Amino acid sequence: MRVAQLHRAGESSKALWLRKQRQAMTIDDDQLKRALAVLYGLPDQSPEGMEDWVREQYLSDGKKNGYLVDADDTSPFWLLAAKAHTHYRDLKQQAS
């Protein structure tokens, strides 16, 4: 999401720098391109609009895959992201 915001703001060099950071290297270029296409297709592309959309995606995915419950609806964004990260990291480790 931050890469898209920087790119839209005309700060391509900062977006490229962010893309080269270690935590971003876990996402391949095709995944990033698909994610950006989805974000650019949202009707409300303000930072708040994109955050609301991503939050809804976390909630939907988390409930569908069992790592979130209804009580998580009011959880802070960072906690939803952390729970998703833990869930998918654990799945990746199980597959190894």
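Look a little higher up for the structure.
Below: a short report on this structure. All figures in this text were calculated on a predicted structure; none of them were measured in a lab. Within each chain, residue numbers correspond to sequence positions counted from 1 in written order. With pLDDT at 70 or above as the cut-off, local features in this predicted model cover only qualifying residues; side-chain atom pairs require 80 or more to be listed or tallied, and sums for whole chains, interfaces and linings still use all residues. No hydrogens and no water enter the side-chain calculation; it runs on all heavy atoms of the structure.

## Some words on the side chain of D72
Thought 1: Each helix corresponds to a stretch of at least 4 residues labelled H or I by DSSP, and each strand to a stretch of at least 2 residues labelled E; elements are numbered beginning at the N terminus. Along the chain, D72 falls in the loop between α4 (47-65) and α5 (77-95).
Thought 2: The residues touching D72, leaving out its near neighbours within four places in the chain, are R55, L59, Y67, L80 and K83. In what follows, residue pairs with any heavy atoms lying within 4.5 Å of each other are defined as contacts.

## Concerning the packing of aromatic side chains
Thought 1: Think of it this way: a Phe, Tyr or Trp ring, Trp meaning its six-membered ring, pairs with another when their centres are within 6.5 Å, and the plane angle makes it stacked under 30 degrees, edge-to-face over 60, tilted otherwise. Here the structure, examined in full by the defined rule, presents 2 aromatic pairs.
Thought 2: Aromatic side chains Y58 and F77 sit 5.7 Å apart centroid to centroid with 70° between the ring planes, which places their arrangement in the edge-to-face category. Separated by 19 residues along the polypeptide, Y58 in helix α4 and F77 in helix α5 bring together distant segments of the chain.
Thought 3: Ring geometry for Y67 and Y88: centres 6.1 Å apart, planes at 80°, overall edge-to-face. In this pair, Y67 is assigned in the loop between α4 and α5 and Y88 in helix α5, connecting sequence segments 21 residues apart.
Thought 4: To sort residues, take the accessible area from a 1.4 Å probe on protein chains only and compare it with the maximum for the residue type: under 20% means buried, over 50% means exposed, and anything in between is partly exposed. Residue classification places Y67 among the buried residues on the basis of a relative accessible area of 14%.

## Describing the nonpolar core
Thought 1: Within the largest apolar cluster, 5 residues are counted, these being L59, Y67, L68, L80 and A84.
Thought 2: If we ignore the near neighbours within four places in the chain, the residues touching L59 are L68, D72, D73 and L80. Residues belong to one nonpolar core when they are buried, are Ala, Val, Leu, Ile, Met, Phe, Trp, Tyr or Cys, and are joined through side-chain atoms within 4.5 Å.

## Describing the side chain of D61
Thought 1: For D61, the position within the fold is in helix α4.
Thought 2: When charges are counted, Lys and Arg are positive and Asp and Glu negative, with His and the chain ends excluded. Any carboxyl oxygen of Asp or Glu that lies within 4 Å of a side-chain nitrogen of Lys or Arg is treated as forming a salt bridge with it. Notably, D61 is buried but unbridged: the nearest opposite-charge side chain belongs to K64, and the N-O separation is 4.6 Å.
Thought 3: Polar contacts here mean pairs of N or O atoms no more than 3.5 Å apart (in protein, one a potential hydrogen donor and the other a potential acceptor; neighbouring residues in sequence count only if both atoms are side-chain atoms). Within the local environment of D61, its side chain forms a polar contact with the side chain of Y88, the two groups lying 2.7 Å apart.
Thought 4: Setting aside residues no more than four positions away along its own chain, D61 makes contact with Y67 and Y88.

## Quick look at the packing of α4 against α5
Think of two packed helices as two axes; the pair is described by the angle between the axes and how far apart they sit.
Thought 1: Orientation of α4 relative to α5, taken along the N-to-C sense of each, is 45°, at an axis distance of 10 Å. Considering their axes alone, α4 and α5 lie oblique with respect to each other. Handedness of the α4/α5 crossing: left-handed. For the pair α4 and α5, the contacting residues are E51, V54, R55, Y58, L59, D61 and N65 in the first and F77, L80, A81, A84, H87 and Y88 in the second. Helix axes use the C-alpha atoms of the stretch in contact, all axes being lines fitted to C-alpha atoms, and the angles between their N-to-C directions lie in the range 0 to 180 degrees. For classification purposes, angles smaller than 35 degrees are called roughly parallel, those larger than 145 roughly antiparallel, those between 65 and 115 roughly perpendicular, and all remaining angles oblique. Handedness of a crossing is defined here by the sense of rotation of the near helix relative to the far one, left-handed for an anticlockwise turn of less than a right angle and right-handed for a clockwise turn.

## A word on the pattern of salt bridges
Thought 1: As enumerated under the stated definition, the model contains 4 salt bridges in all.
Thought 2: Residue K63 is joined to D70 by a salt bridge in which the shortest nitrogen-to-oxygen separation is 3.3 Å.
Thought 3: Residue K63 is classed as partly exposed on the basis of its relative accessible area of 33%.
Thought 4: We classify D70 as exposed; its relative accessible area is 58%.

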